[in-house]
Amino acid sequence: MYQRTQSSAPSGRPSREGRPQQSRFSSPRPGSPSRGGQGSRFGAPRSGGAPRYGAPQRSKKQRGGGEYIDPSRFINTTPPSQTEEVFVPVHAFSDFVISPELKQAIAARGYSKPTPIQDGSIPYVLQGKDIIGIANTGTGKTGAFLIPLIDKVRKSRHEQVLIIVPTRELAIQIEDELRAITKGLKIYSVCAVGGVSISPQLRALRQKNEFVIGTPGRLKDLVERRALNLKDYATIVLDEADRMLDMGFIDDMRYIMERMPTPRQTLFFSATLSPDIERLVGQFLTDPVRVMVKKRDTSKNVHQDVVRIAPGIDKVDVLHDLIGHPDFAKVLVFGRTKHGVEKLAGILGKRGIRAESIHGNKSHGQRQRALQNFKQNRAQVLVATDVAARGLDIPAVTHVINFDLPNTYDDYVHRIGRTGRADMSGKALTFIESRN
Ligand code: AMP
């Protein structure tokens, strides 16, 4: 049986069941209040219940070149609000002028009432209007554009929709959602993303597809090869437009938008509304309707705390200790670099933890496999870089652990937004290393 000792690192791949029940650190568990007098072997318990691995933290500068973020901004130990506002939609799905088959498919998908972004946008999309939807991932924005557009392509069979997204993962997620809603409705789609062979996409584009979902670079490539004629697409969705700007896709986006037909219907979604985004909206959209959903206040349903790590303590040991706790059922761990993420997942694997990793150096297939293993609970831990985890919809993540500090507070908000989704409460822990 696997026993971790203080002096020797374990070898081989012990089973998770073999993990000792008792932590090697005797400090309080995250979320459980410090027990007076018990104390950590690395330091005295701190009032307020934050886990503590070591002496008081003195450092004021963040390592690794990111912006300095006051650690107090990583703490919100107020329990998730008991009296969370309940959103009452103006519409029921039955109110929308969409086909009965589509209504049935929505019900079969388990959607009983529209989310705020769906409630606010679907009626306008059905009227053919351009939309600016300001909403984060996790708000149901995919349904906000897919539901009315599925109805549109079913009513007029020559309609084709182009959906542009920043990442392969998001494209696949949208195609999965499309397939789930259109089961049996004979709607066809192509996922035109980079990082995989272009040949199957070239072949698929020879057939009629109601939906093409792609990333900007690959879509441009397909246009240049004359496999994709943008004039055929009178409806376009730009999803996570702010992220596309951040990722440097502006030229590819412009290339595509300049070749789109007019008139057309343009649906534009972004989590933020910066001056750059406003400029794009002015260029690409015509008389759009603005639908803003209240930005999710992550501090409300994510319990946040820091884990202070004293000099000489190995963060990996601390992480290992935490994820051995039964509450840590589905844990997303963020690391700063691709190399660091890969290494950490490897170490956790060697210690018997079912861990996967996603980062930019992995092939598309590897990323998808890792994601599926995590989503379907075959892996307990997913170690990820910020970019790889953007926009991912992973249900029921119990904990987000910031193993490395985020570069910006905005990154932090994105990271912790991976837990506490869909009205569930979640927990986020941020490792803060002290220096001597
Ligand atoms: P999205 O923001 O589009 O990534 O959606 C986040 C999650 O909410 C996905 O798992 C969707 O399947 C789910 N979802 C979308 N619309 C609804 C709805 N009306 N009711 C319940 N769940 C929904």
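Residues numbered from 1 in each chain as written. Predicted model: local features only at pLDDT ≥ 70, side-chain atom pairs only at ≥ 80, totals over all residues. Heavy atoms only, no water.

## Points about the overall build of the protein
- What the protein contains, in helices and strands, is 15 helices and 14 strands.
- Counting the 436 residues in the protein, one finds 54% classified as buried.
- At a minimum sequence separation of 6, the contacts of the protein that also span at least 24 residues come to 73%.
- Summed over all atoms, the accessible surface of the protein reaches about 19500 Å², with 50% contributed by carbon and sulfur. (Helix = DSSP H or I, 4+ residues; strand = E, 2+ residues; numbered from the N terminus. Buried < 20%, exposed > 50% of the residue type's maximum accessible area, 1.4 Å probe, protein only. Contact = heavy atoms within 4.5 Å. Areas by Shrake-Rupley, 256 points an atom, 1.4 Å probe, with all protein chains shown as cover.)

## What about the pattern of salt bridges?
- Scanning all chains against the criterion turns up 18 salt bridges.
- Salt-bridge contacts for Lys-220 lead to Asp-252; the nearest nitrogen and oxygen are separated by 3.9 Å. Of this pair, Lys-220 sits in helix α6 (residues 216-224) while Asp-252 is found in helix α8 (residues 250-258), placing the two residues 32 residues apart along the sequence.
- Residue Lys-220 is classed as partly exposed on the basis of its relative accessible area, which comes to 23%.
- Take Asp-252: its relative accessible area is 17%, and that puts it in the buried class.
- With its nearest N and O atoms 2.7 Å apart, the salt bridge here joins Asp-386 to Arg-415. Of this pair, Asp-386 sits in helix α14 (residues 386-389) while Arg-415 is found in helix α15 (residues 409-416), placing the two residues 29 residues apart along the sequence. Accessibility classification places Asp-386 together with Arg-415 in one group, the buried group.
- It is possible to trace a salt-bridge network through shared partners that takes in Lys-141, Asp-239 and Glu-240. (Salt bridge = Lys/Arg side-chain N within 4 Å of Asp/Glu carboxyl O.)

## A few points about the site of the ligand
- Near the ligand you find 14 residues, and of these Tyr-111, Gln-118, Gly-138, Gly-140 and Thr-142 are the closest.
- The backbone of Lys-113 places a nitrogen or oxygen atom 3.0 Å from a nitrogen atom of the ligand.
- Residue composition of the shell around the ligand, by class: 2 nonpolar, 7 polar and 5 charged. (Near = heavy atom within 4 Å. Polar contact = N/O pair within 3.5 Å; in protein donor to acceptor, adjacent residues only side chain to side chain. Nonpolar A, V, L, I, M, F, W, Y, C, P; charged D, E, K, R; others polar.)

## Thoughts on the environment of Lys-183
- With respect to the secondary-structure elements, Lys-183 resides in the loop between α4 (168-181) and β4 (189-192).
- Remark: the alpha-carbon pair of Lys-183 and Ala-105, spanning 78 residues in sequence, is separated by 7.6 Å.

## Description of the packing of helix α1 (residues 100-108) against helix α3 (residues 141-155)
- The geometry of α1 relative to α3 is characterised by a closest axis approach of 10 Å and an angle of 150 degrees between their N-to-C directions. When the axes of α1 and α3 are compared, the pair comes out roughly antiparallel. Taken as a pair, α1 and α3 cross one another with a handedness that is right-handed. Residues Glu-101, Leu-102 and Ile-106 of α1 touch α3, and the partners they reach there are Ile-147, Ile-150, Asp-151 and Arg-154.
- Considering only residue class, the contact of α1 with α3 consists of 4 nonpolar, no polar and 3 charged. (Axes fitted to C-alpha atoms, helices over the stretch in contact; angles between N-to-C directions. Parallel < 35°, antiparallel > 145°, perpendicular 65-115°, else oblique. Left-handed = near helix turned anticlockwise from the far one by under 90°.)

## Describing helix α2 (residues 116-126)
- Buried within α2 we find Ile-117, Gln-118, Asp-119, Ser-121, Ile-122, Pro-123 and Val-125.
- Where the residues of α2 are buried, they touch β2 (131-134), α3, β7 (265-270) and β8 (289-292).
- The positive-phi residue at the C-terminal boundary of α2 is Gly-128, with phi of around 90 degrees.

## What about unusual backbone geometry?
- For the peptide bond that leads from Thr-262 to Pro-263, omega is -5 degrees, which places it in the cis range.
- Unusually for a residue other than glycine, Arg-226 sits at a positive phi of about 60 degrees.
- Along the chain, Arg-226 turns up in the loop between α6 and β6 (235-238).
- Here Arg-226 falls in the exposed class, since its relative accessible area comes to 78%.
- Phi at Asn-377 takes a positive value of approximately 65 degrees, unusual for a residue other than glycine.

## What to know about the nonpolar core
- Within the largest apolar cluster, 39 residues are counted, with the highest numbers of intra-cluster contacts made by Phe-145, Ile-163 and Phe-211.
- Elements represented by at least two residues in this core include exactly α1, α2, α3, β3 (161-164), α4, β5 (211-214), β7 and β8.
- Ranked by residues supplied to this core, first place goes to α3 with 7 residues.
- Core analysis: the next-biggest nonpolar cluster, separate from the first, contains 31 residues, Leu-205, Leu-230, Leu-280 and Leu-285 among them. (Core = buried A, V, L, I, M, F, W, Y, C linked by side-chain atoms within 4.5 Å.)

## A few points about the side chain of Arg-264
- Considering the arrangement of structural elements, one finds Arg-264 in the loop between α8 and β7.
- Although buried, Arg-264 forms no salt bridge, and the nearest oppositely charged side chain, Asp-130, lies 6.0 Å from it.
- Looking at Arg-264, its side chain comes within polar contact range of the side chain of Thr-266, at 2.9 Å.
- In contact with Arg-264, not counting residues within four places along its chain, are Asp-130, Ala-234, Ile-236, Met-257 and Phe-284. (Lys, Arg positive; Asp, Glu negative; His and termini not counted.)

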